[in-house]
Each structure stands twice: as C-alpha cells, then as structure tokens.
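One letter stands for each residue in the lines below.
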Amino acid sequence: MIKLVNISKVFSPGTVNENAAIRNVDLVVHEGDFITIIGSNGAGKTTLFNLISGNMLPTEGQVLINGRDVTKEHEYKRARYIGRIFQDPLLGTASNMTLEDNMMITHRKGHKGLRISLNNAMREFFREKLTSLEMGLEHRLKDNVGLLSGGQRQALTLLTMVISHPELILLDEHTAALDPRNAKVVLELTMRFIKDYGLTTMMITHNMNHAIQYGNRLLMMDKGEIILDISGAEKQALTVEKLVDKFHDIRKRTLESDEVMLST
Amino acid sequence: MIEGIFVEGLVYGIMVLGVFITFRILSFPDLTVDGSFPLGAAIMAIMLTRGSNPWLALMLALAGGMLAGFVTALIHTKLKVPNLLAGILTMTMLWSINIRVLGNRANLTLVRRSTILSDVVQQLSPYMNSQVATLVFFLVVALVVKVLLDVFFHTDLGLTLGAMGNNEQMVINQGVNPEYMKLIGVGLSNGLVALSGAFVAQFQGFADVNLGQGIIVAGLASVMMGEFILRSNKIAMLTLRVLLGSILYRGLMYLGRYYGYYINLTPSDLRLITGLLIVVSLIVTQVRGERKWSGAGAAPLNGGEAKPGAVGASPDAEEAAVTRGPA
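Just so it is clear, the model here is predicted, and its values are computed rather than measured.

J.: Is there a simple way to explain the interface of chain A and chain B in this structure?
T.: In this complex, chain A contributes 44 residues to the contact, which on the side of chain B involves 34 residues. In total, chain A and chain B occlude about 3,300 Å² of area from one another, counting both sides; carbon and sulfur atoms represent 59% of this. On the chain A side of the interface with chain B, the three residues burying the most area are Tyr76, Lys112 and Leu147 of chain A, jointly 18% of the side's total. At the junction of chain A with chain B, the criterion picks out zero salt bridges.

J.: How should I be thinking about the confidence of the model for chain B in this particular structure?
T.: When pLDDT drops low, the exact placement of atoms in the prediction is not to be read closely. Residues and elements named next belong to chain B. Summarising the model, chain B shows a mean pLDDT of 87, and 88% of its residues fall at 70 or more. Ranking the elements of chain B by mean pLDDT puts helix 13 (residues 317-323) last, at 33, and helix 3 (residues 54-78) first, at 97. Low confidence marks residues 293-327, where pLDDT is under 50. Its contacts with residues over four positions away, or in another chain, come to 65 contacts.

J.: Can you walk me through the sheet that holds strand 7 (residues 168-172) of chain A in this structure?
T.: Within a beta sheet, neighbouring strands are joined by backbone hydrogen bonds and run either parallel or antiparallel to one another. Residues and elements named next belong to chain A. Taken in spatial order, the six strands of this open sheet run 6-7-8-3-9-10, and their pairing is mixed. Both edges of this open sheet fall to strand 6 (82-85) and strand 10 (225-231), since each of them pairs with a single strand only. In this sheet, adjacent strand axes meet at a mean angle of 15 degrees when their direction is disregarded. Note that strand 3 (residues 34-39) and strand 9 (residues 217-222) share five bridges and pair parallel. What sits directly across from Ile37, in strand 9, is Leu219. Most of the contacts of helix 9 (residues 240-251) go to strand 10, to which it runs at about 140 degrees, and overall it touches strand 3, strand 9 and strand 10.

J.: Please explain the environment of Pro180 of chain A as it appears in this structure.
T.: Residues and elements named next belong to chain A. For Pro180, the position within the fold is in helix 6 (residues 180-197). Exposure remark for Pro180: the relative accessible area of 71% places this residue in the exposed category. When the C-alpha atoms of Pro180 and Gly151 are compared, they prove to be 9.9 Å apart, with 29 residues separating the residues in sequence.

J.: When you look at the packing of helix 3 (residues 99-107) of chain A against helix 5 (residues 150-163) of chain A in this model, what are you seeing that I'm missing?
T.: The angle between the axes and the distance between the axes are what describe a pair of packed helices. Residues and elements named next belong to chain A. Look at helix 3 against helix 5: their axes get within 9 Å of each other, and the N-to-C directions meet at 35 degrees. Of the two possible hands of crossing, helix 3 and helix 5 adopt the one that is right-handed. Every residue of helix 5 that contacts helix 3 at Leu99, Met103, Thr106 and His107 is listed here: Leu156, Leu159, Thr160 and Ile163. Grouping the amino acids of the contact of helix 3 with helix 5 by side-chain chemistry returns five nonpolar, three polar and no charged.

J.: Help me understand the packing of helix 3 of chain B against helix 4 (residues 83-101) of chain B in this model?
T.: Residues and elements named next belong to chain B. The geometry of helix 3 relative to helix 4 is characterised by a closest axis approach of 8 Å and an angle of 140 degrees between their N-to-C directions. Relative to helix 4, the element helix 3 lies oblique. Pair helix 3 / helix 4 crosses with right-handed handedness. Contact with helix 3, carried on its side by Ala68, Val71, Thr72, Ile75 and His76, involves Asn83, Ala86, Gly87, Leu89, Thr90, Met93 and Leu94 of helix 4 and no other residues of that element. Partitioned by chemical class, the residues of the contact of helix 3 with helix 4 number seven nonpolar, five polar and no charged.

J.: What is the right way to look at the sheet that holds strand 5 (residues 68-69) of chain A in this model?
T.: Residue and element names in this part refer to chain A. Taken together, the four strands give an open sheet; going across it, the order is 2-1-4-5, and neighbouring strands pair in antiparallel fashion. Every other strand in the sheet has two partners, leaving strand 2 (19-29) and strand 5 as the edge strands with one partner each. Bridge count for strand 4 (residues 60-65) against strand 5 is two bridges, and the pairing is antiparallel. When the sheet's bridge partners are listed, Ile65 is paired in strand 5 with Arg68. Taken strand by strand, helix 1 (residues 45-53) contacts strand 1 (2-11), strand 2 and strand 4, and its axis lies near 120 degrees from that of strand 1.

J.: Looking at this structure, I do not really get the environment of Leu238 of chain A. What am I missing?
T.: Residues and elements named next belong to chain A. Following the sequence through the fold, Leu238 ends up in the loop between helix 8 (232-236) and helix 9. Classification of Leu238 as buried rests on a relative accessible area of 7%. Spatially, the C-alpha atoms of Leu238 and Met221 are 17 Å apart, while their sequence positions differ by 17 residues.

J.: What's the story with helix 5 of chain A in this structure? I'm lost.
T.: Residues that lie three or four places apart on an α-helix share one face, since the helix turns once every 3.6 residues. In this model, helix 5 of chain A (14 residues) spans 20 Å end to end at C-alpha, consistent with the 20 Å of a helix rising 1.5 Å per residue. In terms of burial, helix 5 of chain A is a largely internal element, 14 of the 14 residues being buried.

J.: Help me understand the pairing of strand 4 of chain A in this model?
T.: The side chains of a regular strand alternate between both faces of the sheet. Residue and element names in this part refer to chain A. Relative to strand 4, strand 1 runs antiparallel, the two being bridged by five bridges. Looking across to strand 4, one finds that Leu4 is bridged to Val63. The antiparallel pairing of strand 4 with strand 5 creates a hairpin that spans two residues between the two strands, and Asn66 there sits at a positive phi of about 50 degrees.

Here is what the cut-offs are and how they apply
Residues numbered from 1 in each chain as written. Chains lettered and ligands numbered in written order. Predicted model: local features only at pLDDT ≥ 70, side-chain atom pairs only at ≥ 80, totals over all residues. Heavy atoms only, no water. Contact = heavy atoms within 4.5 Å. Buried area = accessible area lost by both parts, 1.4 Å probe. Salt bridge = Lys/Arg side-chain N within 4 Å of Asp/Glu carboxyl O. pLDDT = per-residue confidence, 0-100. Helix = DSSP H or I, 4+ residues; strand = E, 2+ residues; numbered from the N terminus. Pairing = 2+ DSSP bridges. Axes fitted to C-alpha atoms, helices over the stretch in contact; angles between N-to-C directions. Buried < 20%, exposed > 50% of the residue type's maximum accessible area, 1.4 Å probe, protein only. Left-handed = near helix turned anticlockwise from the far one by under 90°. Nonpolar A, V, L, I, M, F, W, Y, C, P; charged D, E, K, R; others polar. Parallel < 35°, antiparallel > 145°, perpendicular 65-115°, else oblique. Expected span 1.5 Å × (residues − 1).

Given below as structure tokens:
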C-alpha cells in the first residue's frame, strides 16, 4: 500500500520562477489498484511519479510504503519494489548490449555480485518469457537491443519489469512515443501482464478513452491537484462527456480538447 | 624492431584497456590516467629500489591506481563536480604525490635492478633471446589481463557496469546505486593504468613523474584506431581490438619516429600527430554516422550512442549486419 500524506513540490521556491507542481496531495493506493491518471500538460502527473519513485524529494509531506516512511529513501533503493516505465523507449534498456545481457541485468534487482549467472538454463528461461511477447524476440537473444524497434524495446522493458515482481508499477505514457500499431500491441501486453501478475498499477495516459476503459480507478489532475478520484461502479459508468462535464463543474472552466486529447 | 612495436603495444595496451573502460563503457572521460600511470611506475620503482618483492610491488601499484580512481569517482559523485574536472584535480594532485612516492625525486632509475621482467627474461634465456622473451612475457601479461576483464564483464556486476555508460536510468531502475558503479569502474580503470605504468617502468628501466604526460590522449587514440579494425558487440572482441588498436598506434608512432625525418618530423611532433589522429577518427566516425544515421560501435567521445533515431522505426539493415555476432 502506497500512501502520500499532504505532499507538495515547489520548483525554484522564492524566485520569480516559483512553480508549485504538486499542491497538498493526499492519496492512498491500495494493493491491486489499477489507477489511470489524466490531466493536461503541467498538471503534475509526471512530478507525482517522480515523488513516488524517489527521483525527486518533496518540498513537504511524506511518502509511505506499507506503513514505512520512504520520503528520503534514494531512488535506486525504491526501485527494488517500484517498477517504472518512461515514455522514451530508450530509457528502459541498454542499446549497445545484447538482449540476453539486458535481461540478465534486469533479472534480479538490488545487489550485483561477481557471479556469472547468464548460463544456458537462464537463456532458456529468457526465451520462454520472450515467447510470451509474440514478437519473435526469443530468436534474437544475441542481438543488440539497439536493433529493436521502439515497440519491441518497450515490450521488453515491460517484460523484464514484470519478471522482477514489483509491488507497484508506474507507467508514464509508455505508449505515447510509439506508432499507433505498436502502441496498441504494447498496451494490450500491459493489460495482460497487469491481470496475469496481479500488479498494482498507476498509469498516466493522454487518451481519455483509455483512462475510462482500463483500470478500477481514475484520477484527474489539474494544476498540481487531484481534482477527481473516481472508482467502482461510478468509474464503470463513466463516459468522456461525463468526465468533461465533471471537470467543468469543479473548475468552472471548459476542458479544452487540446488539453486532454479526445482520441477515440 | 617489430618485436619492439608489439611489446610497446601490449604493455601500453593494459593502460588502453583502462581508458576503454572509462571512455567507452562508463562514458566517463577520466583524465586521472595522466597521474595514475606514473603513480604505478613510481610505486614499482621505489619498491624495487628498497628491495621488496616485485610481485608485492605490482599489487601495490594496482592498488594505488585504484585508490586514485576512487578519489576521482568520489570527487565527482559526492561533490557533484563534473567528471572532467574531477579527473584533472586528481591528476594534478597525483603529480605531487608521485614525487613523494619516488622519495622527493622526479625520477628513479632501475638499471641493474632485478625486476619481474628481468627475472623472466633470464629464466627464458636458454630458449630465446631477450627481445623475444620480453615479447612473450608481455603477450602473456596482456592476455591474462584481457581474459580476466572479459570474465569480469560477464558477471552480474560486470554486465551492470556495461549498462552504466549507455543508460544510467536503467541501472538505477534495477535498484543499483550508480555512484557505487562509477566507483568500481573508475577504480578498476585506473588500477589497470597503474599496472601498465608499473610494467613500463620495468621495461624502460626507470620511473619518471612526467611519464604520464599525454598518456590519456595516446590511450584514446589507440581505442579509436582499434575501432576501425573490427566491430562487434562481444566484450572479448572489444578488449581484443583495444590491444590491436594499441599495437597499431605504437606502430604508427614507430614509423613517425624512425622515418619521420624524411618529411622533417621530429619526435616532439608525435603528440601533434596523435591529437590529429583522434580528430581525424572523430571526423571519419561523424561522416559515417551522418550517412547511416545510426551508430553503435565506433562513435564519438560520448561513448557510442548516436542521437536516438526515430522512435518506432526499425534501425537500418547495414548496421544490423555489422553488429550482429554469430548466434
């Protein structure tokens, strides 16, 4: 269980560029939650992820994981139980190394010793896992990852992250940089993995339909605040129109279509 | 003469392996090398002069180099100093330390001292002349270092280190402290450089504080020349090409020294030539990169990653053909 207590993040405090990216946010993420997050650019979605993953220190407030205060814990330590995938497919894997090397590095989190773990049994395990991607990657263990397409790389990152059994996964628009066909494939794969492995998930998306269609809970962010938190039956009955209306009711301004893309 | 080129190529090749680790694997342009190389030579020379075990001296030279690397890595990670400046700081401080190590002298001769090299040459004297024996000795030393490095880069730690220069975020995502990785990488690199310095002291018969001047540039030129020889994504081939590059570079320098006078070249011009070699290598890689618009392998100073290409597009086939190893 992840808990954010009254958390705030202010960039360049005390200067003319002062910018409150996150304002007094409280949030509880329960085990097994699949939360979709929408909001316009600059709403604070990625900053929220940075605070949870430990990439940034909050200006105020606390981050609790299973009741333990991890507010000051270093990003690399939190990475042992939080998996994160970025929009840029290049960030998840090392392009000048082979597929098997990449999978070996990502296989076990934490301490890396002087053991040679990459053997034929391990390769067989990797092949078996890669087969589940249905991309033919199981035949390319000795190829450099740099030769794969963006979609393949993102699928690989997803797979390696899932194998490490994280307690929470953060997906930061992880299909936004892919072409539509690859984006669809990676998104379907994501849904399959989340279901099969029972992953607690937070997913930022620019696509309102995806946000409504997937997950059991939806957050809408605006100007550093969570303005909507919808779950259960209400989430099931949600439509794009209802969402736009709700935004209007709360913020007393119209949600512009270029703020949140209304793709179908 | 030809043995001389190979011997120099191999003994300096150990240093080039160190430079390869920082520049190519870690993408950490480390200038400590100009100080840790003479440090290794100085430790070796003073220990031999004091009559200690040459193998112990060798181990101490290695340890001294690693320590120098740790200092650079710590200045960089703990004080958030840019890596280039951190290296320059350590290198500059090492100049004073090296003089201290040599007993407040700028140089120390090893003539008529028994060294590891002289012992081996003597042992082999019934079978071969001293030049061939020297070559055999350094061939074995360089290959042992190379193979040990290959094994290291196959371990979990070594693999993770391999990802550092390419994608630090990925290393962080695996729950590994990147500062720790830099410490190990830069330490290992400078350990090798000092080891090379310790062997050069035995080979040349003296240690000198100025032995390290321009070593980093020579190392870098060797790495780049090697990259023209062959392309691969296998660590064993990468370290092999480092040694080959080093031999090629020493060969060119030899030609410059012995035949350069025909075109009015003096030995002092060699550094200019070395620098120009690097510049030409960079230009060639850049022109190649522009033509192909992608490029692992031989690449500019930042360690091999060209601008990330169009996301989602598949990389071009020519590149695929060269980098793919035999399955």
